[in-house]
Amino acid sequence: MREGNDLLKEVRNIDGRNCYLYQVGKPEYILIQPVDDHDLEGLDQEIEAIANGLHEPGFLLLAFKINDWNQELSPWEAPAVFGKENFGSGAEETLKYVKKSLLPYIRILLAGQLNLSLEQVSQLPLILGGYSLAAFFALWAAYQTDCFAGVAAASPSVWFPDWMDYVKANEICVNTIYLSLGDKEEKAKNPVMARVGDCIRELADMYGDSPSLSSTLEWNQGNHFKDPDIRTAKAFVWCIKELEII
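Read on for a plain summary of the structure. (Residues numbered from 1 in each chain as written. Predicted model: local features only at pLDDT ≥ 70, side-chain atom pairs only at ≥ 80, totals over all residues. Heavy atoms only, no water.)

### A closer look at the packing of aromatic side chains
- Within this structure, the stated rule accounts for 13 aromatic pairs.
- Aromatic side chains Phe136 and Phe160 sit 4.8 Å apart centroid to centroid with 25 degrees between the ring planes, which places their arrangement in the stacked category. You can see Phe136 sitting in helix H6 (residues 133-141) and its partner Phe160 sitting in the loop between strand E6 (150-154) and helix H7 (163-169), a full 24 residues away along the chain. Here the two residues Phe136 and Phe160 agree in accessibility, since each one is buried.
- In this structure, Arg17 packs its charged tip against the face of Tyr97, placed 5.0 Å from the ring centre. (Phe/Tyr/Trp six-rings, centres within 6.5 Å; stacked < 30°, edge-to-face > 60°. Helix = DSSP H or I, 4+ residues; strand = E, 2+ residues; numbered from the N terminus. Buried < 20%, exposed > 50% of the residue type's maximum accessible area, 1.4 Å probe, protein only. Lys NZ or Arg CZ within 6 Å of the ring centre and 35° of its normal.)

See the structure below:
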């Protein structure tokens, strides 16, 4: 952890969901991340990796608990590709929770801490990110609203049925996007999930060709389950550094 910057960590219940707040230094960026139980196990390490990767500036990360992963992070219904649990269509409600519950809560909290007006706090850049289906949710959300400055998508589930058709038919609302994938992920035995490599290459090419977007695709060593906390941290760090330049 960076010397001279105290880490503040607490758990709060915000409109019925457990939320995990981490604050390092004086926040200049607000990071939002959907998490499950497995993500929570590595959250401390993720925060440390973000802090060590930045040196400056300070940030606040708010991770909110997802109770039904396949339902709450999926934008539309789709059949199961592993196990027996189908995908639902709860992403719209989850995004509504982020916008109507989390963001006002954080802004009021920081306004009191930093002695700033709500209008001033509202100017702090928001980065939505996560890992796997949470990263996919972040990408989808970037097509729904312009309230986020960046998307930190680590190993996103871009193999999701009909996703590439959706991307080609819609306009993205953010200007900073980080993508990553493990170099063994496209070698999955599941034929749907094995499409992830081709899909993310095509997506990265599309974003790279857009003059209004700053984007990157980073390849990590290993399969989908290797170092998700570190990969997510790298995603947030890249977005912050890119936004610092902009």
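There is more to say after this.
### A few points about the pattern of salt bridges
- Counted according to the given criterion, the structure contains 10 salt bridges.
- With a shortest N-O distance of 2.8 Å, Glu202 and Lys168 are connected by a salt bridge. Of this pair, Glu202 sits in helix H8 (residues 196-208) while Lys168 is found in helix H7, placing the two residues 34 residues apart along the sequence.
- Each of Glu186, Asp198 and Arg201 takes part in a single network of salt bridges with overlapping partners. (Salt bridge = Lys/Arg side-chain N within 4 Å of Asp/Glu carboxyl O.)

### A few points about the side chain of Lys65
- Looking at where Lys65 falls in the secondary structure, it is placed in strand E4 (residues 58-65).
- Side chain to side chain, Lys65 and Asp37 meet in a polar contact 3.3 Å long.
- When residues no more than four places from it in sequence are discounted, the contact partners of Lys65 are Arg17, Asn18, Tyr20, Val35, Asp36, Asp37 and Leu40. (Polar contact = N/O pair within 3.5 Å; in protein donor to acceptor, adjacent residues only side chain to side chain. Contact = heavy atoms within 4.5 Å.)

### What about the sheet that holds E4?
- If you trace the 8 strands from one edge of the open sheet to the other, you get E1-E2-E4-E3-E5-E6-E7-E8, paired in mixed fashion. The open sheet is flanked by strand E1 (7-14) and strand E8 (214-220), the only strands paired with a single partner. Strand-to-strand twist in this sheet, taken as the mean axis angle between neighbours without regard to direction, amounts to 15 degrees.
- Summarising the sheet, E1 and strand E2 (residues 17-24) pair through 8 bridges and their orientation is antiparallel. (Pairing = 2+ DSSP bridges. Axes fitted to C-alpha atoms, helices over the stretch in contact; angles between N-to-C directions.)

### Looking at unusual backbone geometry
- In this model, Glu56 is joined to Pro57 through a cis peptide bond whose omega is 0 degrees.
- The residue Pro57 is located in the loop between helix H2 (43-54) and E4 in this model.
- One non-glycine residue with positive phi stands out, namely Ser132, at about 65 degrees.
- Here Ser132 is to be found in the loop between strand E5 (126-131) and H6.
- Unlike most non-glycine residues, Ser155 shows phi in positive territory, near 45 degrees.

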